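Report on the structure
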Amino acid sequence: MYITKQGQAWDQIAKEVYGKETHADYLMQSNPQYLGIFVFSAGTELNTPKLPESRKDLPPWR
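Below, the structure is looked at part by part.

Reading the values: rules and limits
Residues numbered from 1 in each chain as written. Predicted model: local features only at pLDDT ≥ 70, side-chain atom pairs only at ≥ 80, totals over all residues. Heavy atoms only, no water. Phe/Tyr/Trp six-rings, centres within 6.5 Å; stacked < 30°, edge-to-face > 60°. Helix = DSSP H or I, 4+ residues; strand = E, 2+ residues; numbered from the N terminus. Buried < 20%, exposed > 50% of the residue type's maximum accessible area, 1.4 Å probe, protein only. Core = buried A, V, L, I, M, F, W, Y, C linked by side-chain atoms within 4.5 Å. Arc of directions from axis to C-beta. Contact = heavy atoms within 4.5 Å. Salt bridge = Lys/Arg side-chain N within 4 Å of Asp/Glu carboxyl O.

Quick look at the packing of aromatic side chains now. Under the defined criterion, the tally for this structure stands at three aromatic pairs. An angle of 80° between the planes, with centres 5.0 Å apart, marks the rings of Trp-10 and Phe-40 as edge-to-face. With Trp-10 in helix α1 (residues 10-18) and Phe-40 in the loop between α2 (24-29) and β2 (45-46), this residue pair connects regions lying 30 residues apart in the sequence. For the pair shown, Trp-10 and Phe-40 are each scored as buried. Their ring planes at 70° and their centres at 6.4 Å tell us that Tyr-34 and Phe-40 sit as a pair that is edge-to-face. Classification of Phe-40 as buried rests on a relative accessible area of 1%. Here a set of aromatic residues connected by ring pairs shows up, and it is made of Trp-10, Tyr-34 and Phe-40.

Now the structure itself:
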């Protein structure tokens, strides 16, 4: 679980949680209830499951 800070966007959170902005799509898939949010307010709880092994070093189009 990750709790957002005021003004964060998906890519910023993905970089903080997973180390790369390119994992924002995985983060979004894991939190479909928030897809309408582009910039978060403070205190939103996001589900942050571990990355599957196949995603760790591959670009998002693979």
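Once that is clear, we can look at the nonpolar core. Listed in full, the eleven residues of the largest apolar core are Tyr-2, Trp-10, Ile-13, Ala-14, Tyr-18, Ala-24, Tyr-26, Leu-27, Phe-40, Leu-46 and Leu-51. Secondary structure elements with two or more residues in this core: α1 and α2. It is α1 that provides the largest number of residues to this core, a total of four residues.

For α1, every residue scored as buried is listed here: Trp-10, Ile-13, Ala-14 and Tyr-18. Taken end-on, α1 shows its buried residues confined to a sector of 100°, consistent with a single buried face. For α1, the secondary structure elements touched by its buried residues are β1 (2-3), α2 and β2. With its phi angle positive at about 90°, Gly-19 sits one or two positions after the end of α1.

Take the pattern of salt bridges next. If the charged atoms of two oppositely charged side chains come close together, the side chains can form a pair. The full count for this structure, using the stated rule, is two salt bridges. Put simply, Lys-5 and Glu-16 hold a salt bridge, and the shortest N to O gap is 2.9 Å. Note that Lys-5 is positioned in the loop between β1 and α1 and Glu-16 in helix α1, a separation of eleven residues in sequence. Looking at Lys-5, the relative accessible area reads 44%, which means it is partly exposed. Judged by relative accessible area, which is 44%, Glu-16 ranks as partly exposed.

These results come straight from atomic positions and should not be treated as a statement about function.
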